[in-house]
Amino acid sequence: MGLGEFFSGVDLVEVDGLLTEDERMVRDTVREFVTAEVLPIIEHHFREGTFPTQLIPKAAELGLLGASLHGYECAGLGAVANGLIMQELERGDSGLRSFVSVQGSLCMWPIHAYGTEAQKQTWLPPMARGEKIGCFGLTEPDYGSDPGAMITRAVKKGDRWILNGAKAWITNGSVADVAVVWAQTADGIRGFLVEKDTPGYTTRDHTGKFSLRASVTSELILQDVEVGADALLPGATGLKGPLACLTQARYGIAWGGIGMAMAVFDEARRYQLERKAFGKPLASFQLQQRKLAWMAAEITKGQLLNLQVGRLKEKDRATFVHVSMAKRNGCHVARESCRLAREMLGANGIADEYQTGRHFCNIEAVYTYEGTDDIHTLILGQHVTGIAAFE
Ligand SMILES: Cc1cc2nc3c(=O)[nH]c(=O)nc-3n(C[C@H](O)[C@H](O)[C@H](O)COP(=O)(O)OP(=O)(O)OC[C@H]3O[C@@H](n4cnc5c(N)ncnc54)[C@H](O)[C@@H]3O)c2cc1C
């Protein structure tokens, strides 16, 4: 577990004081869960390339699955509390945070926002209990940043739908009981709930990943998959349906990125205080202090940005641009912090005995998915200039 067991937070400007007592309690509970139950096992799972499924019941018991949703056995927490959950989970591992994000923001959220009452009753309580797992199929082998060009089609046949196509890089894909599959229809892009055992629906895991190894990532293959009218999510038409789900998940990643940065900053700082070179602690050299100072300042700015976007979200005033800015920032700060922390650990920075190397690998996936850094830059660029530069 490296030096993660000693983690006690990173708070340079009393951000804690801006949180409510309940928010701090949620944060501390997840922090303890990560230290006690995630860090001791995560290195093994990362090595083996397996997701630690044994953590699902505890995550459910703590109310982490669909935590911001109301009703249907969900915790109904505010946006800041939910963000703090993601921050702390990613302090443990991006694979675990991804699992929780996909389950809550990309599968439960669209069912909650766009589904029928029957769909909500069927799926949300067992998903909140961790008894059913979900995934979100938007990306295709040929279309990632440009999901509007997707090839997957759903054609209406009487009162049933026939789906054909393929999805790629889908978190939780092969372990999911239900997939939210986005497909072109005569009325534009629509979302469908496809159950695991539906004939014609198969999955195949992406292997050989060097990033997010403690997470399942799969292809979804749909060959003449026939589903009833009750599989359609009635409340979403067009690309804005999946994009709104992504706004929910990206918000969590913004916090997660800062959580990852906090983990590697803390490990690098402890390491540098303990290890000596040229007769004194590494931390006493100016070059090393500069790196730690950069991380500390960027983490602090990231915490404040996330908090403000969270408070806006609680008032229903957070826009997708706010969320893009925070996702982009959280991932940038995490990526640079991982790079600096890795070098500050010397050779140990590439050993999985320490957490930094694992985060260093994980950030590459997190920086890429849910909108790459480039895409979020273009979203922000469009906002500040009024000119879209996507094509
Ligand atoms: C581990 C992992 C898990 C994932 N989980 C899911 C999931 O659960 N569900 C899901 O649907 N997807 C998932 N994804 C897919 C992810 O969202 C996509 O990989 C991502 O959106 C980027 O798409 P792409 O890989 O096709 O890259 P591309 O779109 O091919 O982009 C390649 C490069 O070109 C750049 N680029 C693209 N367009 C532009 C432009 N207009 N201007 C400038 N630069 C541009 C990109 O920034 C990138 O650097 C996952 C990916 C990974 C790695």
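A. Local environment of the packing of helix H1 (residues 21–48) against helix H9 (residues 356–368). Put simply, H1 and H9 touch, their axes get as near as 11 Å, and they point 60 degrees apart. In terms of orientation, H1 and H9 fall into the oblique class. Crossing angle aside, the handedness with which H1 passes H9 is left-handed. In this structure, H1 contributes Leu 39, Ile 42 and Phe 46 to the contact, and H9 contributes Arg 358, Cys 361 and Asn 362.

B. Just the site of the ligand, in detail. Around the ligand lies a shell of 19 residues, among which Thr 139, Ser 145, Trp 169, Thr 372 and Asp 374 are the nearest. Contact between the ligand and Phe 136: a nitrogen atom at 2.9 Å from a main-chain N or O atom of the residue. Protein contacts shield 67% of the accessible area of the ligand, which totals 990 Å² for the unbound molecule. Here the ligand is seated within the largest pocket. Secondary structure elements with two or more residues in the shell around the ligand: strand E3 (160–171), H9 and helix H10 (373–385). For the shell around the ligand, the per-class residue count stands at 10 nonpolar, 7 polar and 2 charged.

C. Spotlight on the layout of surface pockets. Considering only enclosed or pocket space, the largest pocket measures out at about 1100 Å³ in volume. Listing elements by their share of the lining of the largest pocket, those giving two or more residues are helix H4 (94–114), E3, helix H6 (240–274), H9 and H10. Residue composition of the lining of the largest pocket, by class: 19 nonpolar, 12 polar and 6 charged. Counted as a void, the second largest pocket has a volume near 490 Å³. Breaking the lining of the second largest pocket down by element, the ones donating at least two residues are helix H3 (79–92), H4, H6, helix H7 (286–314) and helix H8 (320–344). For the lining of the second largest pocket, the leading source of residues is H4, giving 5 residues. When the residues that make up the lining of the second largest pocket are grouped by side-chain class, the tally is 12 nonpolar, 12 polar and 3 charged.

D. Just the nonpolar core, in detail. Phe 33 and Leu 89 are the most contacted members of the largest nonpolar core, which has 36 residues in total. Elements with a contribution of two residues or more to this core: H1, helix H2 (56–61), H3, H4, H6, H7 and H8. Ranked by residues supplied to this core, first place goes to H1 with 7 residues. Each residue touching Leu 89, except ones within four places of it in the same chain, is listed here: Val 30, Phe 33, Val 34, Leu 64, Leu 96, Arg 97 and Val 100. Among the nonpolar cores identified, the runner-up in size contains 32 residues, and Ile 253, Phe 265, Leu 282 and Tyr 367 belong to it.

E. Just the pattern of salt bridges, in detail. Applying the stated criterion to the full structure yields 21 salt bridges. Across the pair Arg 311 and Glu 23 runs a salt bridge whose closest N-O atoms are separated by 2.8 Å. Taken as a pair, Arg 311 in helix H7 and Glu 23 in helix H1 lie far apart in primary sequence, 288 residues in all. Put simply, Glu 37 and Lys 58 hold a salt bridge, and the shortest N to O gap is 3.0 Å.

Definitions and cut-offs
- Counting starts from 1 at the beginning of each chain's written sequence and moves along it residue by residue.
- Residues qualify for local features only when their pLDDT is at least 70, as the model is predicted, and side-chain atom pairs are given and counted only at 80 or more; totals for whole chains, interfaces and linings, by contrast, use all residues.
- The basis for every side-chain value is the complete set of heavy atoms in the structure, and neither hydrogens nor water enter the calculation.
- Note on geometry: axes are lines fitted to C-alpha atoms, helical ones only across the stretch in contact, with angles between N-to-C directions running from 0 to 180 degrees.
- Secondary structure counts use DSSP, requiring at least four H or I residues in a row for a helix and at least two E residues in a row for a strand, with both numbered from the N terminus.
- For this classification, under 35 degrees means roughly parallel, over 145 means roughly antiparallel, 65 to 115 means roughly perpendicular, and everything else is oblique.
- If you view the pair so one helix is near and one far, a crossing is left-handed when the near helix is turned anticlockwise from the far one by less than a right angle, and right-handed when it is turned clockwise.
- Whether two residues are in contact is decided by their heavy atoms, any of which lying within 4.5 Å being enough.
- If even one non-hydrogen atom of a residue comes within 4 Å of a molecule or strand, that residue is called near it.
- Residues adjacent in sequence count toward polar contacts only when both atoms are side-chain atoms; beyond that, a polar contact is any pair of N or O atoms within 3.5 Å, and within protein one must be able to donate a hydrogen and the other to accept it.
- In this description, accessible areas are obtained by the Shrake-Rupley approach with a 1.4 Å probe, and a residue is regarded as covered only by the protein chains that are shown.
- In the cavity and pocket records, a cavity denotes points on a 1 Å grid over the protein atoms alone where a 1.4 Å probe fits but cannot get out, a pocket denotes an open set with protein on both sides within 12 Å along at least 5 of 7 lines, and lining residues are residues with an atom within 4 Å of a point.
- Occupancy of a cavity or pocket is assigned to a molecule whenever over half of its atoms lie within 2 Å of that pocket's grid points.
- Each residue is assigned to one class: nonpolar for Ala, Val, Leu, Ile, Met, Phe, Trp, Tyr, Cys and Pro, charged for Asp, Glu, Lys and Arg, and polar for all the others, Gly among them.
- Grid points are joined across faces, edges and corners, and a volume is the space filled by probe spheres set on the points.
- Side-chain atoms within 4.5 Å link the members of a nonpolar core, which is a set of buried Ala, Val, Leu, Ile, Met, Phe, Trp, Tyr and Cys residues.
- To sort residues, take the accessible area from a 1.4 Å probe on protein chains only and compare it with the maximum for the residue type: under 20% means buried, over 50% means exposed, and anything in between is partly exposed.
- Salt bridge, as applied in this entry: a Lys or Arg side-chain nitrogen positioned within 4 Å of an Asp or Glu carboxyl oxygen.

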